[in-house]
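Observations on the model geometry
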Amino acid sequence: MTESLMKVLAIGTVFMFIPIVIQSIWRKIPVWKSAIVTILLTITGVAGIYIWFFVENLEWGGRSFYGAIFFVPLMCIPAAKLLRIPYKSLTDISAPAGCAMLSLMKLKCYIDGCCRGIRLYRDAEGVSHFFPAQLVEFANALILLAVLLFLSRRNKKEGTIYAWFLTLYGATRFVLNFFRAGAKPYLWILPAGHVWSLVAIGIGIAWMIIVKHEGKKTPAVSDACIEETVYEENDK
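Below is a summary of the structure that appears in this document. As the structure is a prediction and not an experimental result, all values here were calculated from the model. (Residues numbered from 1 in each chain as written. Predicted model: local features only at pLDDT ≥ 70, side-chain atom pairs only at ≥ 80, totals over all residues. Heavy atoms only, no water.)

Some thoughts on unusual backbone geometry
Look at Lys 28: it is not a glycine, yet its phi comes out positive at around 60 degrees. With respect to the helices and strands, Lys 28 occurs in the loop between α1 (3-27) and α2 (31-57). Of note, the phi angle at Trp 188 is positive, near 60 degrees, even though the residue is not glycine. Within the secondary structure layout, Trp 188 lies in the loop between β3 (185-187) and β4 (190-191). Exposure remark for Trp 188: the relative accessible area of 74% places this residue in the exposed category. (Helix = DSSP H or I, 4+ residues; strand = E, 2+ residues; numbered from the N terminus. Buried < 20%, exposed > 50% of the residue type's maximum accessible area, 1.4 Å probe, protein only.)

Here it is as structure tokens:
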């Protein structure tokens, strides 16, 4: 891990702490727990991006942000028990934080020149102009951060914010991946970015459906209805 990446992760951890604290205040979660959650998210994210790159390429050395996205809900299972925070609340507050870290990572990509966009055109002087993929993804991450915070504040159905994160990021990343340079087929004709975007969308939609129908039971028959039925049987 390079020194510049460590600096970005340090700044990103502080940046993530802001939306986590805001949502923790809404949910009346102690600030010290918010700090621990932030650190756990950073550790999980760092491990996830390297592990997922290995899953994709069977070699070490690169990073894939989808590793962080897919591993965080798994990390929240033991973390929720350890910190005594409801699992749904923990995943909810983790989603906007992921966007915060992603935005800084995309700025680093822009500075380093990686994840460059496709060439748009070449001017009369022979200079190539490329689609600003890193900056567009940076803006997209900030927009998703704002949207998820809004949903977290207004959405009464707890446990769906991370599902929205998976769905929205997957959808926007699927489109933006068309403008990335050097995308090679990974599964059939689809590059890895498209494949994991579709997986994220599928998980997000399934997650929301499960949460929506969770706890729904057949309405209990009231005592008045039972008594009325008994009277009707006795009158026959």
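Back to the write-up after that little detour.
Here we look at empty space enclosed by the protein
All told, the structure shown has one cavity of 30 Å³ or more when counted by the stated rule. Leu 41, Gly 45, Phe 65, Ala 68 and Met 101 are the residues nearest the centre of the largest cavity, which is lined by 19 residues in total. Those elements that provide at least two residues to the lining of the largest cavity are α1, α2, α3 (66-83), α4 (87-112) and α6 (161-176). By residue number, the principal contributor to the lining of the largest cavity is α4, which donates six residues. Class assignment for the residues of the lining of the largest cavity results in 15 nonpolar, four polar and no charged. (1 Å grid on protein atoms, 1.4 Å probe; cavity = no way out; pocket = protein on both sides within 12 Å on 5 of 7 lines; lining within 4 Å. Points joined across faces, edges and corners; volume = space filled by probe spheres on them. Nonpolar A, V, L, I, M, F, W, Y, C, P; charged D, E, K, R; others polar.)

Structural notes on the packing of aromatic side chains
Summed over the entire model, instances satisfying the criterion amount to 14 aromatic pairs. Taken together, a centroid distance of 4.6 Å and an interplanar angle of 15 degrees make the contact between Phe 54 and Trp 60 stacked. Residue Trp 60 is classed as exposed on the basis of its relative accessible area, which comes to 57%. Considering the side-chain rings of Tyr 186 and Trp 196, the 5.8 Å spacing of their centres and the 50 degrees angle between planes classify their relative orientation as tilted. Here Tyr 186, found in strand β3, pairs with Trp 196, found in helix α7 (residues 192-213); they are 10 residues apart in sequence, far enough to count as distant. Members of the aromatic cluster, connected to one another through ring pairs, are Trp 52, Phe 65, Tyr 66, Phe 70, Phe 71, Tyr 162, Phe 165, Tyr 169, Tyr 186, Trp 196 and Trp 207. Between the NZ or CZ atom of Arg 116 and the centre of the ring of Phe 130, over which it lies, the distance is 4.0 Å. (Phe/Tyr/Trp six-rings, centres within 6.5 Å; stacked < 30°, edge-to-face > 60°. Lys NZ or Arg CZ within 6 Å of the ring centre and 35° of its normal.)

A word on the layout of surface pockets
Here the largest pocket is characterised by a volume of approximately 750 Å³. Around the largest pocket, the lining is made up of 27 residues, and of these Glu 56, Arg 63, Cys 115, Arg 173 and Arg 180 lie nearest the centre. Residue assignment for the lining of the largest pocket shows that the elements contributing at least two residues are α2, α4, β3 and α7. Residue classes in the lining of the largest pocket are distributed as 16 nonpolar, five polar and six charged.

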